[in-house]
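# Structural description and commentary
Below are the chains, spelled out letter by letter.
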Amino acid sequence: MAAVINSRPNGAPQASTLGDNVKPNLLYKIDGHVARVNGIYLLSKEEAIWTISDDRSVRLYMKRDNDQFWPSIHHFMPVPPTAVSFNEETDRLLVGLLNGTVVDFQVADDCNSMEEKRKWQLHAGPVTSVHLALAQELIFSCAKDKQVFWHCSETAVKMGSFVVEHSCTCMVVDLPFVFIGDQGGHVSVLRLTGSSPQLISKLSAHTGSITSLAWDASKQQLFSGSADNLVIMWDIGGKRGQAYELNSHKVRVNGVAVASAARRLFSVDDSGRLVCWDMDAPRMETPAWQTSDTCQECSAPFFWNVSAMWQMKVVGLRQHHCRTCGRAVCNSCCAHRTTFPPMGFELPVRICKTCQTKMEEDPTKFDLTPLAVSHEVRTGVTSLHLQQMLGRLATAGQNRIVYIWDIKNLF
């Protein structure tokens, strides 16, 4: 069995900016959907939330006098909706559909009805994200057909398009920048000059499809969640190409949301794990994995090093890597496991004998105080939406129930 290093080797528990025993408080539970909830949008000006579902419904739930949420709007689309976005300044609702259509609705002032303004049959596959850039009067959409389109929100005229290498899975817009996540695990960064797009970067570090993106405009940081169980913070504003891994999930990450003013990041996964990350803490980049034909700790050959195996008359070993230094080592030389929050490792990971000795000999140089807290929602989470001003977070579960949480204590 692998040895586990004490998570606080230097004695007493250390204070954390997240505090001790903090967790989100459940405020409301909304049920009534008969199929998977594909998207949610929590309003800030009203006690209300938009939901879209595989049962083809678009619903606006509003809180009534009895403290329960009931549908104020219940509208059925011709095919299941797959993406939703709402602008509270103009009361405009954008809905993307499974057949590639984007529909623009105007919601009434009393929130009891909505009227279709226009629709576009744009894509040849399911729409995965829609967005209204109000100041520039542009509507953006992307889909699994690899296409990104933007139209004038007032005239409905097509203003531009872009094709990515893989199916689009998510998108965030903060003009002049557009960030597009795709099925291949890449994030394409576009700059729009007028209506002309320019690909300025492609961020590639994930080994699974990108499932969610969040953008912190104040810090110029992009967060990506992926099917490879990882969340990565990309320091776009630093212009040094730095990326920081955040590892606290054991299964597919389905959503990320950032509270920029509070310097908190929220991520959810398929198992129902909700993690709040302290993004105000200093962090370190994970080292690149080194390549070697022999263990860099004991010099034992790896199984593909036939020449060394023959000379030493031994069977080759499987290669592993120390997560804190990146060296290539054999199993016996990386039998110890530990968390290392400054590098984003909130779960125990392999470390080599050398790094383990350093941590034990001088623990003051290795602060292992957790920089994230987790909470079990008890059902897989398919999507989430954050309203930072209210200090509330909404999650949609695989059990077709929407939960609204009070997260002020996490700030």
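Residues numbered from 1 in each chain as written. Predicted model: local features only at pLDDT ≥ 70, side-chain atom pairs only at ≥ 80, totals over all residues. Heavy atoms only, no water.

### Considerations on unusual backbone geometry
A cis amide bond links Leu 175 to the next residue, Pro 176, at an omega of 15 degrees. Within the secondary structure layout, Pro 176 lies in the loop between strand E14 (168–174) and strand E15 (177–182). One non-glycine residue, Asp 67, lies in positive phi territory at about 70 degrees. Secondary-structure assignment places Asp 67 in the loop between strand E4 (57–63) and strand E5 (69–76). For Asp 67, a relative accessible area of 40% puts it in the partly exposed group. (Helix = DSSP H or I, 4+ residues; strand = E, 2+ residues; numbered from the N terminus. Buried < 20%, exposed > 50% of the residue type's maximum accessible area, 1.4 Å probe, protein only.)

### Remarks on the packing of aromatic side chains
This model, assessed by the stated rule, comprises nine aromatic pairs. Between Trp 50 and Phe 86, the ring centres sit 5.5 Å apart and the planes meet at 50 degrees, which makes this aromatic pair tilted. Of this pair, Trp 50 sits in strand E3 (residues 48–53) while Phe 86 sits in strand E6 (residues 81–87), placing them 36 residues apart in sequence. Classification of Trp 50 as buried rests on a relative accessible area of 1%. Look at Phe 86 and you get buried, because its relative accessible area is 7%. Judged by centre distance (6.1 Å) and plane angle (50 degrees), the rings of Phe 340 and Phe 366 are tilted. A residue pair is termed long-range when its members are at least 10 positions apart, and Phe 340 in strand E27 (residues 336–340) and Phe 366 in the loop between helix H2 (353–361) and strand E29 (372–376) qualify at 26 residues. An aromatic cluster is defined as three or more aromatic residues linked by ring pairs; in this entry it consists of Tyr 41, Trp 50 and Phe 86. (Phe/Tyr/Trp six-rings, centres within 6.5 Å; stacked < 30°, edge-to-face > 60°.)

### Some points on the side chain of His 249
Examined against the element boundaries, His 249 turns out to sit in the loop between strand E21 (243–246) and strand E22 (253–259). Of the residues examined, His 249 reaches a relative accessible area of 2% and is grouped as buried. Polar contacts involving the side chain of His 249 include one to the side chain of Ser 267, which spans 2.7 Å. One polar contact links His 249 to Asp 269, side chain to side chain, over a distance of 2.6 Å. (Polar contact = N/O pair within 3.5 Å; in protein donor to acceptor, adjacent residues only side chain to side chain.)

### A few points about the side chain of Arg 92
Along the chain, the position of Arg 92 falls in strand E7 (residues 92–97). In this structure Arg 92 comes out as buried when scored by relative accessible area, which is 5%. Ignoring anything within four residues of it in the chain, the contact list for Arg 92 reads Ser 85, Phe 86, Asn 87, Asp 104, Phe 105, Gln 106, Lys 117, Arg 118, Leu 132, Ile 139, Ser 153 and Glu 154. (Contact = heavy atoms within 4.5 Å.)

### Concerning the UniProt feature "repeat: WD" (unreviewed entry) in the protein chain
If you check UniProt for "repeat: WD" (unreviewed entry), the listed places come out as residues 203–236 in our numbering. Within residues 203–236, the helical portion is 0% and the strand portion 59%, while the C-alpha atoms at the span's ends are 10 Å from each other. (UniProt positions renumbered as here; feature names shortened; annotations may be inferred.)

### Section: H2
Here H2 has its buried residues at Cys 355, Gln 356 and Met 359. On an axial view of H2, the arc spanned by its buried residues comes to 100 degrees, and they lie on one face. Here the buried face of H2 lies against E27 and strand E28 (345–351). (Arc of directions from axis to C-beta.)

### A word on the sheet that holds strand E31 (residues 392–397)
Strand order across the open sheet formed by four strands is E1-E32-E31-E30, with antiparallel pairing between neighbours. Either end of the sheet is taken by a strand with one partner, and the two such strands are strand E1 (25–30) and strand E30 (381–387). In this sheet, adjacent strand axes meet at a mean angle of 20 degrees when their direction is disregarded. As paired strands, E1 and strand E32 (residues 402–406) are joined by five bridges and run antiparallel to one another. (Pairing = 2+ DSSP bridges. Axes fitted to C-alpha atoms, helices over the stretch in contact; angles between N-to-C directions.)

### What about the environment of Leu 386?
Structurally, Leu 386 is set in strand E30. A C-alpha to C-alpha distance of 59 Å links Leu 386 and Trp 310, two positions 76 residues apart in sequence. If near-sequence neighbours (up to four positions away) are discounted, Leu 386 is found in contact with Ala 257, Val 258, Ala 259, Phe 266, Arg 392, Leu 393 and Ile 407.

### Thoughts on the pattern of salt bridges
Summed over the entire model, instances satisfying the criterion amount to 14 salt bridges. Asp 67 is the partner of Lys 63 in a salt bridge, and the nearest nitrogen-oxygen pair spans 3.3 Å. Lys 63 gets classed as partly exposed once you look at its relative accessible area, which sits at 27%. Across the pair Arg 327 and Glu 297 runs a salt bridge, and its minimum N-O distance is 2.3 Å. Placement of Arg 327 in the loop between strand E25 (320–321) and strand E26 (328–329) and of Glu 297 in the loop between strand E24 (273–278) and helix H1 (306–312) is noted, with a sequence separation of 30 residues between them. On the basis of relative accessibility, which here comes to 28%, the residue Glu 297 falls in the partly exposed class. Each of Glu 47, Lys 63, Asp 67 and Arg 392 takes part in salt bridges that share partners, so that together they form one network. (Salt bridge = Lys/Arg side-chain N within 4 Å of Asp/Glu carboxyl O.)

### Thoughts on the pairing of E15
Judged by how many residues are buried, E15 sits mostly within the fold: six of six residues are covered. Burial of E15 is two-sided: the residues Phe 177, Phe 179 and Gly 181 facing one way and the residues Val 178, Ile 180 and Asp 182 facing the other way are all buried. By the bridge criterion, six bridges tie E14 to E15 in an arrangement that is antiparallel. Within the sheet, the bridge partner assigned to Met 171 lies in E15 and is Ile 180. The sheet contact formed by E15 and strand E16 (residues 186–193) spans five bridges and is antiparallel. For Ile 180, the partnering residue across the bridge sits in E16 and is Ser 188. The turn linking E15 back onto E16 is made up of three residues, and Gly 185 within it adopts a positive phi angle of 90 degrees.

### Examining the sheet that holds strand E12 (residues 147–152)
Pairing is antiparallel across the open sheet formed by four strands, whose spatial order is E10-E11-E12-E13. In this open sheet, the two strands that pair with only one neighbour each are strand E10 (127–133) and strand E13 (158–163). Averaged over all adjacent pairs, the angle separating strand axes in this sheet is 15 degrees, with direction ignored. Across five bridges, the pairing between strand E11 (residues 138–143) and E12 is antiparallel. The residue of E12 that forms the bridge with Cys 142 is Val 148.

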